[in-house]
Amino acid sequence: MVRLFELIWRDEAASAESCAWMRSVLNMQVWPHRLASGFPYDDVAVSGKTGTYPTLRCESGVVEYPDGHRYAVSVFTRSFSTALIQPRADAVIGTAARMAVDHLRR
């Protein structure tokens, strides 16, 4: 998933026009409780796509900082519960993404 997002952001997954369209759609992510929860700053943009299946939940995307650095990130989780609402699992996605990006930014 990280490689796919890298290709989209570099205009290498398809034509530049198609990649721009994909980025615009991914920029419309309305769910702030997964990836974006790890980056609660007005000047950090998070674009992504969530995925949920009974015991699996994930989000993959790109985190863009005001200094121009971009980071493709993908976090998958698995739980024993099939409950649709699992706020702790969702929060772990943001936390794990933030930890990975912080490590890369050092």
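Let me begin by describing the structure that accompanies this report.

**A few points about the overall build of the chain**
Within the chain, the regular secondary structure consists of 3 helices and 3 strands. By the compact-globule yardstick of 13 Å for 106 residues, the chain fits well, its C-alpha radius of gyration being 14 Å. With the principal axes as the frame, the chain shows a C-alpha extent of 40 × 30 × 20 Å. Looking at the chain residue by residue over its 106 residues, the buried ones come to 34%. Of the contacts formed within the chain by residues at least 6 apart in sequence, a portion of 42% connects residues at least 24 apart.

**Focus on the packing of aromatic side chains**
What the rule picks out here adds up to 2 aromatic pairs. Centroid distance F5 to W9: 6.2 Å. Interplanar angle 35°. Geometry classified as tilted. Here F5 pairs with W9, and both are found in helix α1 (residues 2-9), just 4 residues apart, close to one helical turn. With respect to burial, F5 and W9 carry one shared label: buried. Taking the centre distance of 5.9 Å and the plane angle of 90° together, the rings of Y65 and Y71 count as edge-to-face. On the basis of relative accessible area, Y65 is assigned to the buried category, the value being 11%.

**A word on the nonpolar core**
Note that soluble globular proteins tend to have their nonpolar side chains buried in a common cluster. Residues L35, F39, V44, V46, V63, Y65, Y71, V73, V75, I93, A97 and V101 constitute the largest nonpolar core, which totals 12 residues. Those elements that provide at least two residues to this core are β3 (70-78) and α3 (87-105). Apart from residues no more than four positions distant in its own chain, Y65 is found in contact with F39, D43, V44, Y71, R98, V101, D102 and R105. Judged by nonpolar contacts, the second largest core, of 5 residues, contains F5, I8, W9 and L26.

**Some remarks on the pattern of salt bridges**
Opposite charge on two side chains permits them to pair, given that their charged atoms come into close proximity. A full pass over the atoms with the stated rule returns 7 salt bridges. For R57, the salt bridge goes to D90, with nearest N and O atoms at 2.9 Å. With R57 in strand β2 (residues 56-64) and D90 in helix α3, this residue pair connects regions lying 33 residues apart in the sequence. D90 carries the same exposure label as R57, and that label is buried. Across the pair D67 and R105 runs a salt bridge, and its minimum N-O distance is 3.1 Å. With D67 in the loop between β2 and β3 and R105 in helix α3, this pair connects stretches of sequence that are 38 residues apart. On the basis of relative accessibility, which here comes to 34%, the residue R105 falls in the partly exposed class. Overlapping salt bridges bring together R3, E6 and R10 as one network.

Criteria and cut-off values
- Residues numbered from 1 in each chain as written.
- Predicted model: local features only at pLDDT ≥ 70, side-chain atom pairs only at ≥ 80, totals over all residues.
- Heavy atoms only, no water.
- Helix = DSSP H or I, 4+ residues; strand = E, 2+ residues; numbered from the N terminus.
- Rg over C-alpha atoms; globule rule 2.2 N^0.38 Å.
- Buried < 20%, exposed > 50% of the residue type's maximum accessible area, 1.4 Å probe, protein only.
- Contact = heavy atoms within 4.5 Å.
- Phe/Tyr/Trp six-rings, centres within 6.5 Å; stacked < 30°, edge-to-face > 60°.
- Core = buried A, V, L, I, M, F, W, Y, C linked by side-chain atoms within 4.5 Å.
- Salt bridge = Lys/Arg side-chain N within 4 Å of Asp/Glu carboxyl O.

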